[in-house]
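Descriptive structure summary
So the chains spell out like this:
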Amino acid sequence: MKNENNSIKSSIIDNRKRGTVGEFLADSIKPNSKLSFVSAYFTIFAYEKLKASLDSVENLRFLFGEPTFINSLGNEQANNRKAAILDESESISLTQQLSQKNAAIECAKWFAEKAEIRSMVKPNFLHGKLYLIESENGVKEAVAGSSNFTVNGLGFGGKPNMELNLIVNDKRDLNDLEDWFKDVWNDETGLVEDVKEKVLEYLGLLSAENEPQFIYYKTLFHIFGNYLQEQEENRLLDDRGDFLESEIWDMLYDFQKDGVKGAINKLNKHNGCIIADSVGLGKTFEALAVIQYFERLNYRVLVMCPKNLSANWTIYQTGKNSELSPFTKDSFKYNVLYHTDMGRTDGKSGADGIDFDNFKWGNFDLIVIDESHNFRGNPVDKRKEDGTTKPNRAKFLLDEIIKKGLNTKVLLLSATPVNSDLRDLRNQVLLMNKGNSDGMFEKTGIRNIKSTLETAQKQFTAWANKDKNPTRNVKQLLERLDSSFFKMLDEITIARSRKHIKSFYDLEAIGKFSERLKPISIYAEIDLKDRFFSYESLNEKILEYKLSLFNPSKFVLLGFETKYGVKTNEEKAKEKKERDERKRNKLKKQNPSQVIEPNFDQSDREHYLIGMMKVNFLKRLESSIESFEISIKRTFDKIERLENDIKEFQQKRTDTGYEPSYNDLDAENNDNEFEELEVGKKLKFKLKHLDLDSWLIDLKSDKNALYDLYLRAKDITPERDAKLKQLKDLIAAKVNNPLNPDNKKVIVFTAFSDTAEYLYDNLKN
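Owing to the predicted nature of the structure, the values given are computational and were not obtained by experimental measurement.

If you check the backbone angles, asparagine 15 has positive phi at about 65 degrees while not being a glycine. Along the chain, the position of asparagine 15 falls in the loop between β1 (12–13) and α1 (21–28). Asparagine 15 gets classed as buried once you look at its relative accessible area, which sits at 3%. With a phi close to 70 degrees, asparagine 298 is a non-glycine residue in the positive phi region.

The structure is reproduced here in structure tokens:
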């Protein structure tokens, strides 16, 4: 049963469906009523909401259940006292805050005329809240429970608190409540204290006239107070004067120095920071400066990066003595590991040659993660479809490095910390907070990292919907997003764009950014004689290849499937049936926080790997015909070597085994997709456990097809290379441009070193 306000008629008041305490008080307080209230707070804005009813009462006995107000007297800016009288929660509008002075004056006048005010002296002694009303004719009504006398506590505002209160109807209970209140109010053992004069004194401060200069200074303090406090606490410039004389510090631009100081402050305050400056603003050098600062404090530092970016870090290590390093005085002792090294317990790293047999992952004070968006996975174990768990890199990073051993600080570097939605950012922030969603509450007041970002994502998704919001603009989005979201970004991220640098820094000292011209897209043919496949026909041809070189699990003999992690057809059918059943039960919908992942076996991984290898052929062709030719030849040679090994085994029965190398197709192509399949998946197949005759048939088929491709690609000499000719024409046009005779610089970027060598050989003259 619901009343006209769509709330359930009940003795329970929860400020939601079962009415609000504010409604109860407004209905129950009659002229000349006598009130007896117990609450930890009495805020002037809550008084303002009930002013019409309260102004007509005979008197109020108000008991502060917590002595936070009286304990903080003497400190004009004490937060506890301020909260006891001035409600600053999110539901208070700016208009209300601006009307604070008038509200304080009216409340003070009402207190002086109608109220007695006492407070408990002992903290954490009285937690209950009570609103007892006795009308002029002696009828009593009461509510007891959890609601404080605040805007949210009474159920006013846009975000009322969820409360649990009970309306007291029994006459005997009402009399007992009045006797209980009198016992506490009149206690003579020192439990309570009269605080009316102190409350009126503070209300006088809130309503006092202030000089414009004072208001200006106070505004500045509230805006910059936290920043000044951080500077004072960390004393970056004073305590580490030797750092300011380092080579790396001297090489930084002013905006980079500001970024470094901000990152160090955030690392000291929150144990984590994300440097998300735009591409080209020098995140690596900023991180090197942060590393230098902490290494001078004897921090042990680990840098983790993708394989293809390891040279960006190893050249600066002092032990490498690289000619490319500009640092002759600064010492960099940090270790470098690949993202794919995460979780390894044996073998050696290709970056630093670290032996994982005796490696302590949890032995670092600071970990720097380059391209940190690769760790956007949830740092908890994900449930597979069979009910078991699948560890991921983020989980290993959290458990074995950040949480184990030392109190590790985390510096994340990424120009794109958010890939698809704000869950990416959430997971990276959780790494800084050791997986605790409430890890920022103590220092920032942000109660829950997950809910803050989930709310922001919902607000963004609703704003971005063209059908529901056709006239959207950025201002609307900023107004919708919660303040806690912006606070979180401000506390842990450093993100500047080129526009920001242009607006706030001296470009004469930095050097102007180059003008970004609109890209010119050129769709070149492959062969000037038009004797090579088109991209479409080549794609169709490649899709037909089996590439069984990378698919040994297909040929595992019956009885050996379990040994190599290959499921039988019966097992796959059973899993499919169970998966379909779970979908019908809508398990994921019932528990959205539970992540269900497919339970891939070895053959599944090989299937996806082969698909990626086929795509990689086309990527290489897109780079250059030379790169494509090298890839085809490399794969062809690999097949030939495997054929010879199999035939030798069939003759001599000497089983050296076969270990598929997932990166053999292109040793320099370290795409994250390849790394994901490669890490932790190395497996050696015994040849005697495989159907070798069938495998040889498929290998021969692939070899013949690849050889045909190789010969066609080999025929395309530099003179026939259509893309190379167009590149030469573009360069010539720029060099000979009469409108810009002084600009003859040309920079050619390519993802593959063999393409770079090919272009250099054919362009150097």
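Time to look at the sheet that holds strand β3 (residues 59–64). Pairing within the open sheet is mixed, and its 8 strands lie in the order β1-β7-β6-β5-β2-β3-β4-β8. Each edge of the open sheet is held by one strand with a lone partner, namely β1 and β8 (192–194). Where strand β4 (residues 115–120) meets β8, 3 bridges bridge the pair, whose relative direction is antiparallel. In the sheet register, serine 119 faces β8, and the bridge partner there is glutamate 193. Sheet contacts for helix α7 (residues 100–114): β3 and β4; angle to β4, the most-contacted strand, approximately 95 degrees.

The next subject is the sheet that holds strand β16 (residues 493–494). One open sheet holds the 6 strands; their spatial order is β11-β10-β12-β15-β9-β16, and the pairing between them is parallel. Every interior strand has two partners, whereas the edge strands, β11 (335–338) and β16, have only one. Where strand β9 (residues 272–275) meets β16, 2 bridges bridge the pair, whose relative direction is parallel. If you follow isoleucine 275 over to β16, its bridge partner there is isoleucine 494.

Before going further, it helps to examine the nonpolar core. Ranked by internal contacts, the top residues of the largest apolar core, which has 40 residues, are Phe532, Leu538, Ile625, Phe628 and Trp695. Listed by contribution, the elements that provide at least two residues to this core are α24 (535–544), α27 (602–623), α28 (625–652), α30 (692–714) and α32 (753–763).

It is worth spelling out the pairing of β4 at this point. Pairing of β3 with β4, which is carried by 5 bridges, proceeds in the parallel orientation. Across the sheet, residue leucine 60 finds its bridge partner in β4, namely alanine 115.

Overall, the coordinates contain 26 salt bridges when judged by the stated rule. Note that glutamate 178 and lysine 182 form a salt bridge whose closest N and O atoms lie 3.9 Å from each other. Of this pair, glutamate 178 and lysine 182 both sit in helix α8 (residues 171–185), 4 residues apart, which is roughly one turn of the helix. Judged by relative accessible area, lysine 182 falls into the partly exposed class, the value being 34%. Residue aspartate 341 is joined to arginine 344 by a salt bridge in which the shortest nitrogen-to-oxygen separation is 3.1 Å. Take arginine 344: its relative accessible area is 25%, and that puts it in the partly exposed class. The structure contains a network of salt bridges with shared partners spanning Lys140, Glu178 and Lys182.

On to the environment of arginine 61. Assignment of secondary structure puts arginine 61 in strand β3. Distance in space between the C-alpha atoms of arginine 61 and isoleucine 117 is 6.1 Å, their sequence separation being 56 residues. With residues near it in sequence (within four places) discarded, arginine 61 still touches Leu35, Ser36, Phe37, Glu116, Phe181, Lys182 and Trp185. One polar contact links arginine 61 to serine 36, side chain to side chain, over a distance of 2.9 Å.

On to the layout of surface pockets. Roughly 1,700 Å³ of volume is contained in the second largest pocket. Lining the second largest pocket are 38 residues, and of these Ile520, Ile522, Leu727, Leu730 and Ile747 lie nearest its centre. Mapped onto the lining of the second largest pocket, the elements with two or more residues apiece are α27, α31 (722–735) and α32. For the lining of the second largest pocket, the leading source of residues is α31, giving 7 residues.

With that out of the way, let us pick up a positive patch on the surface. Positive charge collects at one region of the surface, where Lys563, Lys684, Lys686 and Lys688 lie side by side. For lysine 688, the location among the structural elements is in the loop between α29 (672–678) and α30.

A word on α30. For α30, with 23 residues, the first-to-last C-alpha span of 31 Å sits near the 33 Å given by 1.5 Å per residue. Turning to α30, its buried residues number three or more, namely Leu692, Trp695, Leu696, Asp698, Leu699, Asp702, Lys703, Ala705, Leu706, Leu709, Tyr710 and Ala713.

Procedures and definitions
- Residues numbered from 1 in each chain as written.
- Predicted model: local features only at pLDDT ≥ 70, side-chain atom pairs only at ≥ 80, totals over all residues.
- Heavy atoms only, no water.
- Helix = DSSP H or I, 4+ residues; strand = E, 2+ residues; numbered from the N terminus.
- Buried < 20%, exposed > 50% of the residue type's maximum accessible area, 1.4 Å probe, protein only.
- Pairing = 2+ DSSP bridges.
- Contact = heavy atoms within 4.5 Å.
- Axes fitted to C-alpha atoms, helices over the stretch in contact; angles between N-to-C directions.
- Core = buried A, V, L, I, M, F, W, Y, C linked by side-chain atoms within 4.5 Å.
- Salt bridge = Lys/Arg side-chain N within 4 Å of Asp/Glu carboxyl O.
- Polar contact = N/O pair within 3.5 Å; in protein donor to acceptor, adjacent residues only side chain to side chain.
- 1 Å grid on protein atoms, 1.4 Å probe; cavity = no way out; pocket = protein on both sides within 12 Å on 5 of 7 lines; lining within 4 Å.
- Points joined across faces, edges and corners; volume = space filled by probe spheres on them.
- Patch = residues over 30% accessible without salt bridge, like charges linked within 9 Å, V, L, I, M, F, W, Y side chains within 5 Å.
- Areas by Shrake-Rupley, 256 points an atom, 1.4 Å probe, with all protein chains shown as cover.
- Lys, Arg positive; Asp, Glu negative; His and termini not counted.
- Charge placed at Lys NZ, Arg CZ, Asp CG, Glu CD.
- Expected span 1.5 Å × (residues − 1).

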